[in-house]
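One-letter residues, chain by chain:
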Amino acid sequence: MKIHLPNSAFLGNIDSFLRGFDPTHPETLEITANDKWISVHPAVLAMVAALGLTVRPENIRCEKFEARSGHYLPRMGLNKILGISSEVSIVEHESAGRFIPLTQIRNSQELSKFISEMIPLLHLGPDQAQTIGYIVSELVRNVIEHAEAASGALLCAQYYKKTNTIRIGIADTGIGIKRTINRSWPASTDLEAIRLALTPGITGTTNREGGTEQNAGAGLFFIKSIASVNRDFFVIYSGRGFFKLKKNKPSSRLALHADPFKDRHSALSDLPYWQGTIVGVDITLDQTKEFSLLLDAIRKTYSSAVRERKRAKYKKPRFL
Amino acid sequence: MRHIVIYKKAGSFAENKDIARDIRVGEIIPALENGEEVVLDFENVDAATQSFIHALISDAFRKFGDETLDLISFKSCNETIKKIIAIVADYMQEGMGDA
C-alpha cells in the first residue's frame, strides 16, 4: 500500500488525497509526504495509523519528513502508534487546549475512559464539550459494535484557533459499511450502503422499524445533523464509496433531511478501496447551535422518516 | 415502585450502552414484568446520547407498547435529555406494529 501526505488535505479538498491512496500489496505500507509543507485533517492521520496497524512494523517504510511542518506527525503520535522512528526531535508540549493525539480504542471501557479524559484536554465550554463528546461516543461505538476491526478505532482531533474549529477523524479497518448494512438491507454498492447508514432508523442489525433493543440506526444521522445545522463538513468513506456533506451556505434555510442525498453534498463511488470506514467531521465552535434546538429538528425529521417508510410498505388498492 | 438513579451507574455523561443494557435487563424489564412502575432518575446527568436512551428504554416499548409511558417516569431530566427521550419515544411508537 502507498499513501502520500500532501501539503493540504482537509475535508473540503480531501477527495484528491483519497484518490492517490494505493491499496495494492496490503502486506507493506509506504508513507511519503510533501517535502515543503504537510497540513492534514485528523481523519488523514487516523487513516494512516489504521493502515499502519494492519502491517508489521518492519514492513512500513516511512520516509524522513523534510517539510518544516513534518514534526506535526510525530507530535500527533503517528510514529509512536506505528512503532517507527521519527528521525526528528520533538519538543513535547502539553496537549491541553490544542489536540488529542492518535488514540486506539478497542472496547467500551476504553471509550468511556477516553471520553472522560478527552473533554478537559480540549478546554471546551459545557455545551461544546457535550457536542464533541456526543460525536466521539457515537462514532467510536459504531466501530466497536459493528466494524469487527481487529485494531478497533483510531481517533485523533485538533483544535484550529484561526477558524475556532475542532476537527475530528476516526478510522477503522473493519468489514466496512456495506457488509454491515447488507445483513438487513439491500445495498448493491458502497455508496448506497453509506446512504442507508446515514438514514435515520436504518441499522444493519435488523430491518424492523425501531431497530433492536441495543441499536436504533440513528447515530450517524445525528452526527450528520449536527454538522449540517452548524454548517460544517462531514465526510464518510467506506469501500469505494464516499459521501461529503458540504457546508450549507449562510443564506440558505436550514433543513434536516432523512435522505442524505437531499443534503448539499458530493458523492463518489470509484475511490480506491478502503477496507473499513473513515469518518471526518469539523465542528466550528462559534457556530455551534444549542444542542437542544437541534434535537427539535431531529425529532421532526426522524418521525416523518419512519412514517414514510411505514407508508411505503402499506398495501396499495388495485384499480381496475 | 423501582427507583433507578442513572448517575450512579452511568455518570454525568450517559453514553455507555453496555451500562444501559445492564440497567434494562437487570432492573427495568424485570420490574415492569412484575407489574412495578419504574422511575428513571437523571439527577446530576448532564448529557445522554440517543444510543444510550434507546438501549435503556426501547425494549420496553417492544414488550409493553405505548403503555410503557404509563409505567416508566423520567425524573430530573434537563431539557436536552427530555428531548432525546421524546425522540426515542416518538420513533418507537411510530414503528409499532412493524414486523
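Novice: Help me understand the interface of chain A and chain B, please; the structure alone is not making it clear to me.
Specialist: Counting from both sides, the interface comprises 37 residues of chain A and, opposite them, 31 residues of chain B. On the chain A side of the interface with chain B, the three residues burying the most area are Glu213(A), Gln214(A) and Arg299(A), jointly 21% of the side's total. The residue Arg307(A) makes a salt bridge to Glu94(B) at a minimum N-O spacing of 2.5 Å. Between the two partners, chain A and chain B, sit 21 residue pairs in polar contact (both at pLDDT 80 or more). Here the side of chain A that touches chain B takes 13 residues from helix H10 (residues 291–313) of chain A, the largest share from any one element. Tallied by class, the residues present in the side of chain A that touches chain B amount to 12 nonpolar, 14 polar and 11 charged.

Novice: I tried to follow the nonpolar core on my own but got confused; where do I start?
Specialist: Ranked by size, the top nonpolar core spans 93 residues in total, and within it Val136(A), Phe234(A), Ile6(B), Leu40(B), Phe42(B) and Leu56(B) carry the most contacts. In terms of residues, this core owes the most to one element, helix H6 (residues 126–147) of chain A, which gives nine residues. Counting residues in hydrophobic clusters, the runner-up holds 50 residues, among them Ile31(A), Val44(A), Met47(A) and Cys156(A).

Novice: Looking at this structure, how should I read the packing of helix H9 (residues 219–229) of chain A against H10(A)?
Specialist: When two helices pack together, you describe them by how their axes are tilted relative to each other and by the distance separating the axes. Residue and element names in this part refer to chain A. Packing of H9 against H10 leaves a shortest axis separation of 10 Å and a crossing angle of 125°. Regarding the angle of H9 to H10, the classification is oblique. Read as a crossing pair, H9 and H10 show a hand that is right-handed. The residues of H10 that touch H9, namely those facing Phe221, Phe222, Ser225, Ile226 and Val229, are Phe291, Leu294, Leu295, Ile298, Thr301 and Tyr302. Tallied by class, residues from the contact of H9 with H10 come to nine nonpolar, two polar and no charged.

Novice: What exactly am I supposed to notice about the sheet that holds strand S3 (residues 60–62) of chain A here?
Specialist: Backbone hydrogen bonds hold the strands of a sheet together, and the pairing may be parallel or antiparallel. All names here are of chain A. The sheet built from three strands is open, its strands ordered S1-S2-S3 with parallel pairing. Each edge of the open sheet carries a strand with a single partner, namely strand S1 (2–5) and S3. Strand-to-strand twist of the sheet, defined as the mean angle between neighbouring strand axes without regard to direction, takes the value 15°. Relative to strand S2 (residues 29–33), S1 runs parallel, the two being bridged by four bridges. Looking across to S2, one finds that isoleucine 3 is bridged to isoleucine 31. Most of the contacts of helix H2 (residues 42–52) go to S1, to which it runs at about 155°, and overall it touches S1, S2 and S3.

Novice: Got a minute to help me understand the side chain of Glu15(B) in this structure?
Specialist: Examined against the element boundaries, Glu15(B) turns out to sit in the loop between strand S2 (13–14) and helix H2 (17–33). One polar contact links Glu15(B) to Ser112(A), side chain to side chain, over a distance of 2.8 Å. Here the side chain of Glu15(B) touches Arg141(A) through a polar contact of 2.9 Å, side chain to side chain. Other than its neighbours up to four places away in sequence, Glu15(B) contacts Leu111(A), Ser112(A), Ile115(A), Ser137(A), Arg141(A), Thr49(B) and Phe52(B).

Novice: Any chance you could explain empty space enclosed by the protein here in plain terms?
Specialist: In this approach, a probe sized like a water molecule rolls over the atoms, and the result shows the empty space that is left. Residue and element names in this part refer to chain A. Going through the model one piece at a time under the given rule, you end up with four cavities of 30 Å³ or more. One number sums up the size of the largest cavity: a volume of about 490 Å³. Every residue lining the largest cavity is counted, 33 residues in all, and those nearest its centre are Asn142, His146, Thr180, Ala197 and Leu220. Among the elements that make up the lining of the largest cavity, the one with the highest residue count is H6 (eight residues). Taken together, the residues of the lining of the largest cavity sort by class into 14 nonpolar, 14 polar and five charged.

The rules we used
Residues numbered from 1 in each chain as written. Chains lettered and ligands numbered in written order. Predicted model: local features only at pLDDT ≥ 70, side-chain atom pairs only at ≥ 80, totals over all residues. Heavy atoms only, no water. Contact = heavy atoms within 4.5 Å. Buried area = accessible area lost by both parts, 1.4 Å probe. Salt bridge = Lys/Arg side-chain N within 4 Å of Asp/Glu carboxyl O. Polar contact = N/O pair within 3.5 Å; in protein donor to acceptor, adjacent residues only side chain to side chain. Helix = DSSP H or I, 4+ residues; strand = E, 2+ residues; numbered from the N terminus. Nonpolar A, V, L, I, M, F, W, Y, C, P; charged D, E, K, R; others polar. Core = buried A, V, L, I, M, F, W, Y, C linked by side-chain atoms within 4.5 Å. Buried < 20%, exposed > 50% of the residue type's maximum accessible area, 1.4 Å probe, protein only. Axes fitted to C-alpha atoms, helices over the stretch in contact; angles between N-to-C directions. Parallel < 35°, antiparallel > 145°, perpendicular 65-115°, else oblique. Left-handed = near helix turned anticlockwise from the far one by under 90°. Pairing = 2+ DSSP bridges. 1 Å grid on protein atoms, 1.4 Å probe; cavity = no way out; pocket = protein on both sides within 12 Å on 5 of 7 lines; lining within 4 Å. Points joined across faces, edges and corners; volume = space filled by probe spheres on them.

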